[in-house]
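Take a look at the letters that make up each chain.
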Amino acid sequence: MTLTREERQQFLAEPHIAALAVDAGEDGRAPLTVPVWYQYAPGRDVWIMTGLGSRKERLISRAGRFSLLVDREAPTVRYVSVEGPVVETLPATRRHVVEISARYLPARKVASYVEFVEKELDEQVIIHMRPQRWNSADLGPV
């Protein structure tokens, strides 16, 4: 059964690991598909964080759009996919790193993860995508 607008937005707002897909733009190559952390609030844009100049960032910049797929298996099989245009790319700030890590990590691990990002990773960017096309379903218990 297809989810209502409110159900799919609420599901996407939960902290699932998403599969991000973006056109590789290269003959003979499938779209790049990788797991990512993301942030979303109902009615807002989706954003991800990635390294400036990474393959993912370059492909998204070239394509101007990407898609995310999130799913779960219990208590029912449910998924939401969303696709849309990139509407903003900006440098990641400490606030972004704290926000995204707090969404996925236990509170006691956030500070060490933020420190890791700041010391070990190259410059990060935040890419905002405006949800334009949605697919969703709840297949019930399997």
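Residues numbered from 1 in each chain as written. Predicted model: local features only at pLDDT ≥ 70, side-chain atom pairs only at ≥ 80, totals over all residues. Heavy atoms only, no water.

Trainee: Got a minute to help me understand the side chain of Asp-138 in this structure?
Mentor: If you trace the backbone, Asp-138 turns up in strand S7 (residues 133-140). Exposure remark for Asp-138: the relative accessible area of 15% places this residue in the buried category. Within the structure, the side chain of Asp-138 is placed 3.0 Å from the side chain of Thr-76, a separation counted as a polar contact. When residues no more than four places from it in sequence are discounted, the contact partners of Asp-138 are Met-1, Leu-3, Arg-72, Thr-76, Val-77 and Arg-78. (Helix = DSSP H or I, 4+ residues; strand = E, 2+ residues; numbered from the N terminus. Buried < 20%, exposed > 50% of the residue type's maximum accessible area, 1.4 Å probe, protein only. Polar contact = N/O pair within 3.5 Å; in protein donor to acceptor, adjacent residues only side chain to side chain. Contact = heavy atoms within 4.5 Å.)

Trainee: Before we go on, may I ask you to explain the pattern of salt bridges in this structure?
Mentor: Here the structure, examined in full by the defined rule, presents nine salt bridges. For Arg-130, the salt bridge goes to Asp-45, with nearest N and O atoms at 2.8 Å. Of this pair, Arg-130 sits in the loop between strand S6 (124-129) and S7 while Asp-45 sits in the loop between strand S2 (32-36) and strand S3 (46-51), and the two are 85 residues apart along the sequence. Since its relative accessible area comes to 19%, Asp-45 is described here as buried. For Asp-138, the salt bridge identified is with Arg-78, shortest N-O distance 2.7 Å. With Asp-138 in strand S7 and Arg-78 in strand S5 (residues 77-91), the pair connects residues that are 60 residues apart, well separated along the chain. By the burial criterion, Asp-138 is buried, and Arg-78 matches it. Linked through salt bridges whose partners overlap, the residues forming this network are Glu-26, Arg-29 and Arg-55. (Salt bridge = Lys/Arg side-chain N within 4 Å of Asp/Glu carboxyl O.)

Trainee: Looking at this structure, how should I read helix H3 (residues 94-104)?
Mentor: Turn by turn, an α-helix covers 3.6 residues, leaving residues three or four places apart pointing in a common direction. Turning to H3, its buried residues are His-96, Val-97, Ile-100, Ser-101, Arg-103 and Tyr-104. One side of H3 holds all its buried residues, which, seen down the axis, span an arc of 155°. Of the residues in H3, the exposed ones pointing more than 90 degrees away from the buried face are Arg-94 and Arg-95. Of the surrounding elements, those touching the buried residues of H3 are helix H1 (5-13), S3, S5, helix H4 (107-120) and S6. (Arc of directions from axis to C-beta.)

Trainee: Got a minute to help me understand the packing of aromatic side chains in this structure?
Mentor: Aromatic rings considered in pairs are described by the distance between their centres and by the relative angle of their planes. Taken as a whole and judged by the stated rule, the model has four aromatic pairs. Each ring, one from Trp-37 and one from Tyr-113, has its centre 5.3 Å from the other, and the planes form 50°; the classification is tilted. Of this pair, Trp-37 sits in the loop between S2 and S3 while Tyr-113 sits in helix H4, and the two are 76 residues apart along the sequence. For Trp-37, a relative accessible area of 24% puts it in the partly exposed group. Tyr-113 gets classed as partly exposed once you look at its relative accessible area, which sits at 22%. Arranged with centres 6.1 Å apart and planes meeting at 40°, the rings of Tyr-113 and Phe-116 form a pair that is tilted. Here Tyr-113 pairs with Phe-116, and both are found in helix H4, just three residues apart, close to one helical turn. Stacked on the ring of Tyr-38, the Lys or Arg Arg-103 has its end atom at 4.7 Å from the ring centre. (Phe/Tyr/Trp six-rings, centres within 6.5 Å; stacked < 30°, edge-to-face > 60°. Lys NZ or Arg CZ within 6 Å of the ring centre and 35° of its normal.)

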